[in-house]
Amino acid sequence: MVSTNNPKNKTAPQKRCPVTGLPITHRTDWEYFNPRTNFRVSLDIIGNQMLISRPSGTASSQDVKNSLELSSRVINEVFGKTTGFVQIGDYSTIKGLGLPFKERKRYIETMKQRDTLMGLIFLGVSPALRFSIKLGLRLNPTPVVVKIVDTYSEAVASALKILSKKPSGPHRPVSATETAESVVPAPRVLQHLDWKLRI
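Residues numbered from 1 in each chain as written. Predicted model: local features only at pLDDT ≥ 70, side-chain atom pairs only at ≥ 80, totals over all residues. Heavy atoms only, no water.

Caption draft 1: Examining the overall build of the protein more closely. A count of helices and strands for the protein gives four helices and seven strands. Written out in order from the N terminus, the α and β elements of the protein read β-β-β-β-α-β-α-β-α-β-α. Considering the protein as a whole, with its 199 residues, one finds that 46% of them fall into the buried category. With the model as given, the accessible surface of the protein reaches about 10300 Å², and the carbon-plus-sulfur share is 56%. (Helix = DSSP H or I, 4+ residues; strand = E, 2+ residues; numbered from the N terminus. Buried < 20%, exposed > 50% of the residue type's maximum accessible area, 1.4 Å probe, protein only. Areas by Shrake-Rupley, 256 points an atom, 1.4 Å probe, with all protein chains shown as cover.)

Caption draft 2: Spatial organisation of helix α4 (residues 152–165). For α4, built from 14 residues, the straight-helix expectation of 20 Å at 1.5 Å per residue is met to within 8% by its first-to-last C-alpha distance of 20 Å. All of the buried residues along α4 are Tyr152, Ala155, Val156, Ser158, Ala159, Leu160, Ile162 and Leu163. Structurally, α4 contributes buried residues whose contacts are with β2 (23–34), β3 (39–46), β4 (50–56), β5 (85–90), β6 (117–123) and β7 (145–149). (Expected span 1.5 Å × (residues − 1). Contact = heavy atoms within 4.5 Å.)

Caption draft 3: Region of the structure containing unusual backbone geometry. The backbone of Asn38 shows a phi angle near 65°, a positive value even though the residue is not glycine. If you trace the backbone, Asn38 turns up in the loop between β2 and β3.

Caption draft 4: Representation of a nonpolar patch on the surface within the structure. On the surface, a cluster of nonpolar side chains totalling about 350 Å² of accessible area is made up of Phe131, Leu135 and Leu139. Relative to the elements of secondary structure, Phe131 occurs in helix α3 (residues 127–139). A residue is classified by how much of its surface remains accessible, and Phe131, at 57% relative accessible area, is exposed. (Patch = residues over 30% accessible without salt bridge, like charges linked within 9 Å, V, L, I, M, F, W, Y side chains within 5 Å. Salt bridge = Lys/Arg side-chain N within 4 Å of Asp/Glu carboxyl O.)

Below is the structure:
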């Protein structure tokens, strides 16, 4: 059974992004963990328009569903329906393709439904997952900018370029190689008490 209540929800000591100096906001209720499969996801907000997710372990079908629900809830609470954002997925601890085809399809469909998603950046993916992403983009083009990078610094720099180029709002069709040069405005830190998902 899924629970969304946890009296121990709290904000972790705030850190700074080593690339930009922007604040990194993390809450214990922005984490998902399944002790039966040992799969977990941790979410952070960098500045005010970047979300970074860090999955680890092997996800079951229910894990994928639950973690996507958690990220959607955080996105709705933090960014709302009008603020554009970039999502960074850090897959550096995931081997192979990470997910079965059915669950990769579920992930893609969820990303398409996020109207204010301006860019999707895959960080530290395996060769197999990199090939799968590129093939998927050719067969099923997306209206948001998609990047595959090797380092955290590259991921943040790519996110800043996407944010500086495009308006803060629902996305418009763009090419997979669209970039820009300037940085985003000064951040604000957001905190909420009800972003918890455990099974």
